[in-house]
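Single-letter residue listing:
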Amino acid sequence: MSLQRTAAADVVARLRRSDRRRLGRACAGLAVAVLVLALLRVVWGTYQVTVPDLVRILGGETIPGASFIVLEEKLPRAVAAVLTGAALGAAGALYRRTLRNPLASPDILGVTQGAAAAVVLGMLATAGQTGGASDLTRAATALIGGLAAVVAVFATARSVGGERFVVAGIAVAAAGQAVVAGAMLSLAQHDLQSATVWIAGSLNGVTWGRIALLACVLVVALPLAGALHARLAPADVGPDLAHALGARPRPTSAAALGLGAVLAAVATAVVGPLAFVALLATPVARGLTRGLPSLPAAALTGAALVLLADLVAGEAVPLLTGAALPTGVLTGAAGAPLMLWLLLRQGRTPGGVRST
């Protein structure tokens, strides 16, 4: 019996080492992809910068024209794309593992729309004031809206019986979009133009102040998200067995959903709602890790997706059409077919889309 236990333990240990190596290779590959895309976002475009000039600029040397373009336009966009993509990817991973549903993401459950609605209402409240709302005020407003959406989803899902989070989330998202549309109709022309660009999900005009705010949140939130994601692992086998293993899935799930809302809301406050990034990142990451759930892989995938979308929308599309697109338009166009595919795939399984 002891020999059998030893053999079984050896098999489990080998499988765990194999999984760790697979995750390590996937995360390393994704990190390289993020770095390459970020470099390409900075050096390529209508105004191109050579790599040696980029190194000189980052080293503190001033090159007329190039220094301003890199430090005030290209580099902030690349950094903002990485940070917002990582935040949304991590939020999507938390929601999917918590609710065990491929459609569970801040986009579908109304968190992003709630944050956007709160920000637009804040724009309406501060319309006409010099400078408008500060970055910190906008982030706080988005956070309130995102958390309010989470509470509304839970309350709606439980009131109709069962935990129909996806259906409740779609309803809350629709309500948030209605609030956004109504508030924008009341904005003055100047404020309406800036709100329209922001609501489409654009990295235009992102400032180092907003980037610093997002970075400060991620320094604290991403390690917490990783810890909560790992603590949710026993729940993958079911709540009863998770309790038997000593886990506490209910409070951990509540904390994960709240932290996911924080990540999505702050990212939305910085660049606007980037549709479907959180929904796309997790399944793509799981494909690269061969089905292994990994929050770092999802965060890196989200960063790569936003970088790629911003590169295509901001540089490739203008070469063809003469006009740039907001990044959120491209992520929405890419995410809509994936959502339809997930719906069709789940519809072929017994019981359809799971609600928990």
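Rules of the game
Residues numbered from 1 in each chain as written. Predicted model: local features only at pLDDT ≥ 70, side-chain atom pairs only at ≥ 80, totals over all residues. Heavy atoms only, no water. Helix = DSSP H or I, 4+ residues; strand = E, 2+ residues; numbered from the N terminus. Buried < 20%, exposed > 50% of the residue type's maximum accessible area, 1.4 Å probe, protein only. Contact = heavy atoms within 4.5 Å. Areas by Shrake-Rupley, 256 points an atom, 1.4 Å probe, with all protein chains shown as cover. pLDDT = per-residue confidence, 0-100. Salt bridge = Lys/Arg side-chain N within 4 Å of Asp/Glu carboxyl O. Core = buried A, V, L, I, M, F, W, Y, C linked by side-chain atoms within 4.5 Å. Axes fitted to C-alpha atoms, helices over the stretch in contact; angles between N-to-C directions. Parallel < 35°, antiparallel > 145°, perpendicular 65-115°, else oblique. Left-handed = near helix turned anticlockwise from the far one by under 90°. Nonpolar A, V, L, I, M, F, W, Y, C, P; charged D, E, K, R; others polar. Patch = residues over 30% accessible without salt bridge, like charges linked within 9 Å, V, L, I, M, F, W, Y side chains within 5 Å. Polar contact = N/O pair within 3.5 Å; in protein donor to acceptor, adjacent residues only side chain to side chain.

Examining the overall build of the chain
Within the chain, the secondary structure is distributed over 13 helices and 0 strands. Its helices and strands in sequence order give the chain the pattern α-α-α-α-α-α-α-α-α-α-α-α-α, from N to C terminus. With 356 residues in all, the chain has 45% of them scored as buried. Excluding contacts between residues fewer than 6 apart, the proportion of contacts in the chain whose partners are at least 24 apart in sequence is 76%. Carbon and sulfur atoms make up 67% of the accessible area of the chain, which totals about 16900 Å².

Considerations on the confidence of the model for the chain
Across the chain, the average pLDDT comes to 83, with 84% of residues at 70 or higher. Within the chain, helix α9 (residues 239-244) has the poorest average pLDDT of any element, 53, and helix α8 (residues 208-231) the best, 94. Below a pLDDT of 50 lies the segment residues 350-356, which in the model reaches 16 contacts outside its immediate sequence neighbourhood of four places, other chains included.

Topic: the pattern of salt bridges
Summed over all chains, the structure comprises 5 salt bridges. Note that Asp 53 is salt-bridged to Arg 56, the shortest N-O span being 2.8 Å. A residue pair is termed a helical-turn pair when its members lie 3 or 4 positions apart in one helix, as Asp 53 and Arg 56 do in helix α2 (residues 51-58) at 3 residues. On the basis of relative accessible area, Asp 53 is assigned to the partly exposed category, the value being 22%. On the basis of relative accessibility, which here comes to 37%, the residue Arg 56 falls in the partly exposed class.

Some points on the side chain of Thr 301
Note on placement: Thr 301 falls in helix α12 (residues 295-321). Classification of Thr 301 as buried rests on a relative accessible area of 3%. Look past the residues within four positions of Thr 301 in its chain and what remains in contact with it is Leu 30, Ala 281, Val 284, Ala 285 and Leu 288.

Details of the nonpolar core
Judged by nonpolar contacts, the single largest core of 68 residues is most densely connected at Val 70, Leu 88, Leu 94, Tyr 95, Leu 99, Leu 263 and Leu 307. Examining the composition of this core, we find that 16 residues originate from one element, helix α3 (residues 66-99), more than from any other. If we ignore the near neighbours within four places in the chain, the residues touching Leu 307 are Val 34, Leu 37, Ala 38, Ala 78, Ala 81 and Val 82. Grouped together as the second largest cluster of nonpolar side chains are 16 residues, Ala 117, Val 119, Val 180 and Met 184 included.

Things to note about the packing of helix α4 (residues 111-125) against helix α7 (residues 189-199)
Direction vectors running N to C along α4 and α7 enclose 170 degrees, while the axes themselves pass 11 Å from each other. Our classification of the angle between α4 and α7 gives roughly antiparallel. For α4 against α7, the interelement crossing comes out right-handed. Contact residues: Ala 116, Val 119, Val 120 and Met 123 in α4; Ala 195, Trp 198 and Ile 199 in α7. Grouping the constituent residues of the contact of α4 with α7 by class yields 7 nonpolar, no polar and no charged.

Focus: a nonpolar patch on the surface
Residues Leu 39, Val 51 and Val 55 make up a contiguous nonpolar surface patch of roughly 250 Å² in combined accessible area. With respect to the helices and strands, Val 51 occurs in helix α2. On the accessibility criterion, Val 51 (43% relative accessible area) is partly exposed.

Examining the side chain of Thr 268
Within the fold, Thr 268 resides in helix α10 (residues 249-271). At 2.7 Å, the side chain of Thr 268 forms a polar contact with the backbone oxygen of Ala 264. When residues no more than four places from it in sequence are discounted, the contact partners of Thr 268 are Thr 112, Ala 115, Ala 116, Trp 198 and Pro 273.

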